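Coordinate inspection notes
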Amino acid sequence: MNTNFIKLQWLRTGWKERFRKAPYLLAIAIVIILMILLGIRNPGYLKLASLTIKLKSWMPLLFAAFGQTFVILTGGIDLSQGSMIALVNVIIVQVIMLFGGSLPGMLFAVSVGIIVGTLAGIINGLILTRLRLQPLITTYATGIIWRGFALSVMNEPGGEVPMSFYYFFSGSFLFIPIPVWFLSFIVGIYLFLLRRGAVTQLKAIGGYTIGAFESGINVDRKRVLAYGLSGFFTALATIAIIGETISGSPLAGTGYELEAISSAAIGGASLSGGFGSPIGSLFGGIITRLVNDVIFFYGIDVKYQQLMQGLIIILALSFGALLAQSLSRSDK
Amino acid sequence: MIPLLKLKGVSKRFGGVHALRQCNFSLQSGEIHFLIGANGCGKSTLSKIIVCALEKDSGEILYNGNPVNFSNPGDARQAGIDVVYQELSLIPDLSVQENMFLGSRNQGKLGFTDTKAQEKICRAALERFKGVVSENLTPDIPVNRLTADERQIVEILKVFIREPKVIILDEASSSLHSTQVEILFNLVRELKEKGHSVIMISHKMKELFEIGDRATIIRNGLTVATVELKESSHEEIVTHMVGEQYFSADKINRVPKDEIFLTIKDLSAGKLKDINLTLFKGEILGLSGLQGQGQSELLLTLFGGHPEYKGDLFLDGKKLNLRSPAHSVRDGFAYISGDRKSYGVFPVRSILENTVLAYLKKTGRKFFSRKSLRSEVLPILERLDLIYDNLDDSISQLSGGNQQKIIIGRWLMTGPKVILMDDPTKGVDIKTKEELYALMKELCDTGVSIIWNSSEDQEILRNADRVLVLNDGWIVDELREDRLSEYELYKAAMA
């Protein structure tokens, strides 16, 4: 009996250890469960072709959640993400139309969009660090500014983008679908930052800012980097959105920031900073989207869809919270 | 010889308080230099200013003879100056290895982190402490799962692996066991042999004379003397620390009744070890020594904060069981903390509400009229000389001193027998402080006893009837009458 007990302890700490190193394990487990639920109801859902189409429609949220996580790791938050999407969206569409929908014009427009998004993020970071303001209220305010800019660039939904933009995202390169290339690209950037030690430094800032400063980290510069990354990935999210809508709208991206934040939280990130992984946020984003599909395929009345969606998110979050609690309890 | 590091006229203010005024200090290559001083004299501030973890207000820092102006601790580290911080700079969720290399330049190919090489260095460093730390301490364990001494060791190694030219150890040995301290000293000696310099902040005289070359003594933010330790003595250093002896003429020796009120026998809890003490009726018993030697813990234990304590306690001949604050309140204890924000005041709520809280609990009254409560509160506040506008005003509008008076009023309403005070005059202005001392004496004349911990040595020496000096959880000395002096206090506290 005694040996049994020890074995059980070993198993449990084993899991905890693994979770500590990869906080997204829980999110992966939930993704698998939701996939199984969907597969039971509708086997066609799990076919490669269907999943590729799904992945394409998930991309905007996945990118936004991915970018948001860098900010969350530092203990901050970026509420301007949704409006940033609108700003980048209308700018890209206007530039494309300016060049009459030519291919070089489109490439140029996309580059401009990425630069604008990244700059908007850097501006967020600079305001926060130079003026020592609270991230929550600052990014809320800059969000209003981005939306205002967007409205001055294009005051109502419209504009036209060549269909080739849409087909590009549905296509594949070297037999691998474009969305997968995109995902590999952002994961590549993450791995680069990880190997450079930047991710650890962001976590350090979120975990214990004074300690990070005393350890020689240039805290302000790294925080600006985090918001810049958030802007960069938000711009990528916008490009993916244009790939879906092939038009511009100053109202695009409304509510995206909160979906991104909750995806990051579901993916194991701690909103107080210092703990989490952008990879986890990708799975968190997938969960957010899969939940909608589960509700749809299980024929739940439209009336109850939002109700269910909220409940499932709470459930997913509380799993993570309970696990984190038991982890910190085992520390004592 | 040009000193390796020289500070000229460095000053620093926090709000209205001078933490450092005109500090001068010089460090030679290859020396172990101690910074010594009483509680809160500015030692840690000085070390933080050297690496620019804090910005100085004025003054000059010369390094290798050249003026330097670091803009953050990272710059200082690049220049070869590094600190082992008293409060530690470790990130709880990161691993030992990640912490050790946090903020350092990447050495691997193309500027990537070479985790393999880091792990090798990390393991080699940890090897030095093998046998005196648990097997648990490996490079990949998160810091929040380590014990206090292990964290301190990681903080030390984090700095030592870089072999800085100047290393500042801010009370690095205080949470270490003696075997661990021995290894730390070996590391320090090795650095010294390589010509590096070490600044050590420590309260332990034994360490000072064991390993130090010179010591600079700081008093009230001023560097008062630098001594060669070979030619100095324990007494000389303590004399520099406390300065001109303070013989207070206004000290009135009150005579407490010769009636034993509270007896504590062999009390152990947390840091406390075998505490034996008796408290007389109407006595003000002071607790002193360096900060964090168990004074606060003793008070908290008496207030039911350490239910797992060992030992016997008798109040007025009755055996006590200190299971929880509620039990302690019922037995006649009251607890007043200087940390009003955490332990005293309910901000925003009214003066009336803040005053009656403990009274309502103790009397168990469930229904009451505001009018009757007012009539009960008014005489208490009058006795405290509290100046206020309206009983319904928020307590947050009042000054720290007046807030503290209300907390005292809260407990007076419960008719306490023993009042436990943990640094109650922290952040209280001088005038109100004097009023509080007078009030304490007045209360004691009515038969209440007070156990009082203070971080201000002067006030306790002047106002307490008897002072117990604590060191590392033990009571090491009892000061009374003629021996109530700072000299005696620090002699006992730093032995």
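Computed from a prediction, not measured in an experiment: that's the story for all the values here. (Residues numbered from 1 in each chain as written. Chains lettered and ligands numbered in written order. Predicted model: local features only at pLDDT ≥ 70, side-chain atom pairs only at ≥ 80, totals over all residues. Heavy atoms only, no water.)

1. Quick notes on the overall build of chain B
From N to C terminus, chain B includes 17 helices and 20 strands. Expected size for 495 residues packed as a compact globule is a radius of gyration near 23 Å; at 25 Å, chain B falls within 12% of this value. Here the C-alpha coordinates of chain B stretch approximately 80 × 50 × 45 Å along the principal axes. Looking at the 495 residues of chain B, the share that counts as buried comes to 55%. (Helix = DSSP H or I, 4+ residues; strand = E, 2+ residues; numbered from the N terminus. Rg over C-alpha atoms; globule rule 2.2 N^0.38 Å. Buried < 20%, exposed > 50% of the residue type's maximum accessible area, 1.4 Å probe, protein only.)

2. With respect to the overall build of chain A
Broken down by element type, chain A carries 14 helices and two strands. Taken across its 332 residues, chain A has 49% of its residues classed as buried. Looking at chain A alone, contacts between residues at least 24 apart form 79% of all its contacts between residues at least 6 apart. Accessible surface computed for chain A: about 15800 Å², of which carbon and sulfur atoms make up 70%. (Contact = heavy atoms within 4.5 Å. Areas by Shrake-Rupley, 256 points an atom, 1.4 Å probe, with all protein chains shown as cover.)

3. Examining the interface of chain A and chain B
Of the residues lining the interface, 25 residues belong to chain A; the matching set on chain B comes to 29 residues. Carbon and sulfur atoms supply 54% of the area buried between chain A and chain B, which totals about 2100 Å² over both sides. Three residues stand out in chain A for area buried against chain B, namely Arg195, Glu214 and Ser215 of chain A, and they jointly supply 29% of the buried area on that side. For the pair chain A and chain B, the number of links is zero salt bridges. Listed by contribution, the elements that provide at least two residues to the side of chain A that touches chain B are α1 (2-21), α8 (178-196), α9 (198-207) and α10 (209-214) of chain A. With five residues, α9 of chain A is the largest single contributor of residues to the side of chain A that touches chain B. Residue classes in the side of chain A that touches chain B are distributed as eight nonpolar, nine polar and eight charged. (Buried area = accessible area lost by both parts, 1.4 Å probe. Salt bridge = Lys/Arg side-chain N within 4 Å of Asp/Glu carboxyl O. Nonpolar A, V, L, I, M, F, W, Y, C, P; charged D, E, K, R; others polar.)

4. Regarding the sheet that holds strand β14 (residues 310-315) of chain B
Residue and element names in this part refer to chain B. Reading across from one edge, β12-β11-β14-β15 is the order of the four strands in this open sheet, with antiparallel pairing throughout. Looking along the sheet, the strands with just one partner apiece sit at the ends: β12 (272-280) and β15 (318-319). Relative to β12, strand β11 (residues 260-269) runs antiparallel, the two sharing six bridges. Note on β12: the bridge partner recorded for leucine 267 is isoleucine 275. (Pairing = 2+ DSSP bridges.)

5. Here we look at the packing of aromatic side chains
Within the structure shown, the criterion is met by 19 aromatic pairs over all chains. When the centroid spacing of 5.3 Å and the interplanar angle of 80° are considered together, the rings of phenylalanine 168 of chain A and phenylalanine 169 of chain A count as edge-to-face. Using a relative accessible area of 2% as the deciding quantity, one classes phenylalanine 169 of chain A as buried. Here the aromatic residues Phe63, Phe165, Phe168, Phe169 and Phe182 of chain A are joined through ring pairs into a cluster of three or more. Across from the ring centre of tyrosine 166 of chain A, 3.7 Å away, lies the NZ or CZ of lysine 56 of chain A, which sits over that ring. Its guanidinium or amino end placed over the ring of phenylalanine 112 of chain B, arginine 195 of chain A lies 4.9 Å from that ring's centre, counting from NZ or CZ. (Phe/Tyr/Trp six-rings, centres within 6.5 Å; stacked < 30°, edge-to-face > 60°. Lys NZ or Arg CZ within 6 Å of the ring centre and 35° of its normal.)

6. Quick notes on the pattern of salt bridges
Pairing between side chains of opposite charge can happen when their charged atoms approach one another. All names here are of chain B. Applying the stated criterion to the full structure yields 29 salt bridges over all chains. A salt bridge links aspartate 472 to lysine 273; the shortest N-O distance between them is 3.7 Å. Of the two residues, aspartate 472 is situated in the loop between β19 (466-471) and β20 (474-480) and lysine 273 in strand β12; the sequence distance between them amounts to 199 residues. The exposure class of aspartate 472 is partly exposed, given its relative accessible area of 40%. On the basis of relative accessible area, lysine 273 is assigned to the partly exposed category, the value being 27%.

7. Some points on the domain arrangement of chain B
Residues and elements named next belong to chain B. Structurally, chain B comprises domain 1 (5-242) and domain 2 (260-493). Look at where the C-alpha atoms of domain 1 and domain 2 centre, and you get two points 36 Å apart. Taken residue by residue, the interface counts 10 residues in domain 1 and nine residues in domain 2. A buried area of about 870 Å², summed over both sides, lies between domain 1 and domain 2, and 61% of it is on carbon and sulfur atoms. Counting across the domain 1 and domain 2 interface gives zero salt bridges. Taken together, domain 1 and domain 2 are joined by zero residue pairs in polar contact (both at pLDDT 80 or more). By residue class, the composition of the side of domain 1 that touches domain 2 is four nonpolar, five polar and one charged. (Domains from an automatic or database assignment. Polar contact = N/O pair within 3.5 Å; in protein donor to acceptor, adjacent residues only side chain to side chain.)

8. Brief notes about the packing of helix α5 (residues 148-160) of chain B against helix α6 (residues 178-193) of chain B
Residue and element names in this part refer to chain B. Interaxial distance between α5 and α6 falls to 12 Å at its minimum, and their mutual angle equals 10°. With respect to each other, α5 and α6 are oriented roughly parallel. In this structure, α5 uses Asp149, Ile153, Ile156, Leu157 and Phe160 to contact α6, whose residues at the interface are Gln180, Leu184, Leu187, Val188 and Leu191. For the contact of α5 with α6, a count of residues per class yields eight nonpolar, one polar and one charged. (Axes fitted to C-alpha atoms, helices over the stretch in contact; angles between N-to-C directions. Parallel < 35°, antiparallel > 145°, perpendicular 65-115°, else oblique.)

9. Side note on the sheet that holds strand β4 (residues 58-63) of chain B
Residues and elements named next belong to chain B. A sheet is described by the order of its strands in space; here four strands give the open sequence β2-β1-β4-β5, paired in antiparallel fashion. Two strands close off the open sheet at either side, each with one partner strand: β2 (17-27) and β5 (66-67). With five bridges joining them, strand β1 (residues 5-14) and β4 adopt antiparallel strand pairing. Across the sheet, lysine 6 pairs through a bridge with leucine 62, a residue of β4.

10. Some thoughts on helix α2 (residues 25-41) of chain A
Along its 17 residues, α2 of chain A runs 25 Å from first to last C-alpha, staying within 8% of the 24 Å computed at 1.5 Å per residue. Three or more residues of α2 of chain A are buried, namely Leu26, Ala27, Ile30, Val31, Leu34, Met35, Leu38 and Gly39 of chain A. (Expected span 1.5 Å × (residues − 1).)

11. Concerning the confidence of the model for chain A
Reading predicted coordinates in detail is not appropriate for stretches of low pLDDT. All names here are of chain A. Overall, the prediction assigns chain A a mean pLDDT of 85, with 89% of residues at 70 or greater. By mean pLDDT, the top-scoring element of chain A is helix α11 (residues 219-245) (94), and the lowest-scoring one is α1 (54). Of the regions scoring below 50 in pLDDT, residues 1-11 engages in zero contacts with residues more than four places distant in sequence or in other chains. (pLDDT = per-residue confidence, 0-100.)

12. Regarding a positive patch on the surface
Residues Arg323, Arg330, Lys361 and Lys366 of chain B make up a contiguous surface patch of positive charge. Take arginine 330 of chain B: it is sitting in helix α10 (residues 325-331). (Patch = residues over 30% accessible without salt bridge, like charges linked within 9 Å, V, L, I, M, F, W, Y side chains within 5 Å. Lys, Arg positive; Asp, Glu negative; His and termini not counted. Charge placed at Lys NZ, Arg CZ, Asp CG, Glu CD.)

13. Some words on unusual backbone geometry
For phenylalanine 175 of chain A, which is not glycine, the phi dihedral falls at a positive 65°. As for its placement among the helices and strands, phenylalanine 175 of chain A is situated in the loop between β1 (172-173) and β2 (176-177). Although it is not a glycine, glutamate 163 of chain B sits at a positive phi angle of roughly 45°. For glutamate 163 of chain B, the location among the structural elements is in the loop between α5 and β7 (166-170).

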